[in-house]
Amino acid sequence: MTNAEIENRIARVNATMAMEGMILTEEEKNIIRGIIRGDISCDEAVKRVIKEFSEV
């Protein structure tokens, strides 16, 4: 997948989230990029989010 395709996919996800009043942060967009590129798994992303909110 090209960078343009990745950014297009993120823009579409962001638009869908925005319809529900939930704008993606740059950090969340970076996580999505990592998943699409195969840098991290979905499971690893979920673990990171759970850990982040567990520490609050």
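One can find the structure itself at the top, above this paragraph.
Nothing here was measured: the structure is a model prediction, and the numbers come from that model. (Residues numbered from 1 in each chain as written. Predicted model: local features only at pLDDT ≥ 70, side-chain atom pairs only at ≥ 80, totals over all residues. Heavy atoms only, no water.)

(A) Layout of the environment of I23. Within the secondary structure layout, I23 lies in the loop between α1 (3–19) and α2 (26–37). Taking the relative accessible area as the measure of exposure, I23 reaches 57% and is therefore exposed. Sequence spacing of I23 and V13 is 10 residues, and the spatial spacing of their C-alpha atoms is 9.6 Å. (Helix = DSSP H or I, 4+ residues; strand = E, 2+ residues; numbered from the N terminus. Buried < 20%, exposed > 50% of the residue type's maximum accessible area, 1.4 Å probe, protein only.)

(B) The arrangement of the packing of α1 against α2 in detail. Contact geometry of α1 with α2 gives a least axis separation of 10 Å together with a crossing angle of 130°. If you check the angle between α1 and α2, you find them oblique. The interaxial crossing formed by α1 with α2 has right-handed handedness. Within the contact between the two elements, α1 uses N3, I6, E7, R9, I10, V13 and N14 and α2 uses K29, I32, R33, I36 and R37. (Axes fitted to C-alpha atoms, helices over the stretch in contact; angles between N-to-C directions. Parallel < 35°, antiparallel > 145°, perpendicular 65-115°, else oblique. Left-handed = near helix turned anticlockwise from the far one by under 90°. Contact = heavy atoms within 4.5 Å.)

(C) Spotlight on the pattern of salt bridges. One pass over the full model with this rule turns up three salt bridges. Between E26 and K29 there is a salt bridge, with its nearest N and O atoms 3.5 Å apart. Here K29 and E26 lie together in helix α2, a separation of three residues that amounts to about one turn. (Salt bridge = Lys/Arg side-chain N within 4 Å of Asp/Glu carboxyl O.)

(D) Spotlight on the environment of R37. By the secondary structure assignment, R37 is in helix α2. Apart from residues lying up to four places away in sequence, R37 is in contact with N3 and I6.

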